[in-house]
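Each chain, letter by letter, is given below.
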Amino acid sequence: MSRLQNKTALITGGNSGIGFATAKEFLEQGATVIITGRSQASLNEAKKELNGKVHTILSNTSNLGEIRSLAKQVQQITPQLDVVFINAGIGKFAPIEAVTEEHFDEQFNTNVKGAYFTIQELLPLIKDGGSIILNTSISAHMGMATSSVYSATKAALLTLTRTLSAELLPRRIRVNAISPGPVTTPIFGKMGIPAEQIDGLKTSIQGQVPIGRFGEPAEIAKVATFFASDDSSFVLGAELIADGGMITL
Ligand SMILES: NC(=O)c1ccc[n+]([C@@H]2O[C@H](COP(=O)([O-])OP(=O)(O)OC[C@H]3O[C@@H](n4cnc5c(N)ncnc54)[C@H](OP(=O)(O)O)[C@@H]3O)[C@@H](O)[C@H]2O)c1
């Protein structure tokens, strides 16, 4: 299969989890792939494992200066991009009384400011008729206690999906969102939750998923491939919820 033949795609946070699985899937579908990440060692490891037409760029998405230099680095690899998957993100959870400015800024800087200015910076490189995909979360639709900041960042991305779809109509650039439910990725180990509590948290979440399991990163990668490919040529400003029925049933 080669649904992305002759296309070049950039994936932020492509060294891990959903981003990594998407890089793998895009490569299998014939694309040239650029992955970004905040650690050169992780990027090198991912590149080795991906073993294809993959390029890496070290770029911390919460840092405006690094976003500004991203486009220049992309141009050293390719003059144009067909697909941008805004995937890099973090999730931290705390009751509102315990939320600090640092907790708030870290998530908004990564998940919203990073997403916004990455799109702004890469826009001149994205081909007319290209595709931008935002990785949001079903938490944007839920009233999940302790997720006030994380969920707000993802809700912001959902409105961005629609406003940018309208704004980019003259260039026929389609902007769509994927909202995953719980997916087995390293993100749960990065939330600041003590290791011994993570298994309990996962079991409790799994009990809320009608299909009875977490999603696999590869399953989200297939959704990203749909939005990246011409199969979704009539789809814009849309959100595809891939959650094992967690909010849809
Ligand atoms: N897993 C889920 O259950 C789930 C559900 C809904 C939505 N999502 C969303 O899916 C996206 C991918 O998450 P994941 O589950 O695949 O987790 P993950 O494996 O931790 O992947 C997140 C990626 O983003 C990168 N990243 C984080 N902060 C960054 C920064 N400041 N600059 C550059 N890269 C940065 C991470 O780099 P490092 O490897 O260096 O940390 C990693 O490559 C996130 O936006 C997340 O909110 C995940």
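Coordinates for the structure precede this section.
The structure presented is a predicted model; accordingly, all values stated were derived computationally and were not measured.

Chemist: Would you mind going over unusual backbone geometry with me for this structure?
Modeler: Backbone phi values are negative for most residues with the exception of glycine, while trans is the configuration of most peptide bonds. In this model, Asn6 sits at a positive phi of 65°, which is unusual for a non-glycine residue. As for its position among the elements, Asn6 is in the segment before strand 1 (8-11). Positive phi is not limited to glycine here, since Arg172 has a value of about 55°. If you trace the backbone, Arg172 turns up in the loop between helix 5 (148-167) and strand 6 (174-180).

Chemist: What exactly am I supposed to notice about the site of the ligand here?
Modeler: Taken together, 29 residues lie near the ligand, and Ser16, Arg38, Tyr150, Thr185 and Lys190 sit nearest. Contact distances for the ligand include 2.5 Å between an oxygen atom and a side-chain N or O atom of Ser16. Interatomic distance of 2.6 Å between a side-chain N/O atom of Thr185 and an oxygen atom of the ligand. Within the complex, the protein chains bury 95% of what would otherwise be the 870 Å² of accessible surface of the ligand. Of all elements in the fold, only helix 1 (17-28) and helix 5 reach the threshold of two or more residues within the shell around the ligand. For the shell around the ligand, a count of residues per class yields 10 nonpolar, 16 polar and 3 charged.

Chemist: Before we go on, may I ask you to explain the pattern of salt bridges in this structure?
Modeler: Any two side chains of opposite charge can pair if their charged atoms end up close together. The final tally for this structure, using the stated rule, is 8 salt bridges. Where Asp231 meets Arg3, a salt bridge forms, and the shortest distance between an N and an O atom there is 2.7 Å. Note that Asp231 is positioned in the loop between helix 7 (217-228) and strand 7 (239-242) and Arg3 in the segment before strand 1, a separation of 228 residues in sequence. Relative accessible area serves as the criterion here: at 48%, Asp231 is assigned to the partly exposed category. Judged by its relative accessible area of 29%, Arg3 is partly exposed. Between Lys127 and Asp82 there is a salt bridge, with its nearest N and O atoms 3.1 Å apart. Taken as a pair, Lys127 in strand 5 (residues 126-135) and Asp82 in strand 4 (residues 81-86) lie far apart in primary sequence, 45 residues in all.

Calculation criteria
- Residues numbered from 1 in each chain as written.
- Predicted model: local features only at pLDDT ≥ 70, side-chain atom pairs only at ≥ 80, totals over all residues.
- Heavy atoms only, no water.
- Helix = DSSP H or I, 4+ residues; strand = E, 2+ residues; numbered from the N terminus.
- Near = heavy atom within 4 Å.
- Polar contact = N/O pair within 3.5 Å; in protein donor to acceptor, adjacent residues only side chain to side chain.
- Areas by Shrake-Rupley, 256 points an atom, 1.4 Å probe, with all protein chains shown as cover.
- Nonpolar A, V, L, I, M, F, W, Y, C, P; charged D, E, K, R; others polar.
- Salt bridge = Lys/Arg side-chain N within 4 Å of Asp/Glu carboxyl O.
- Buried < 20%, exposed > 50% of the residue type's maximum accessible area, 1.4 Å probe, protein only.

Everything listed here is a matter of geometry and, on its own, says nothing about what the molecule does.
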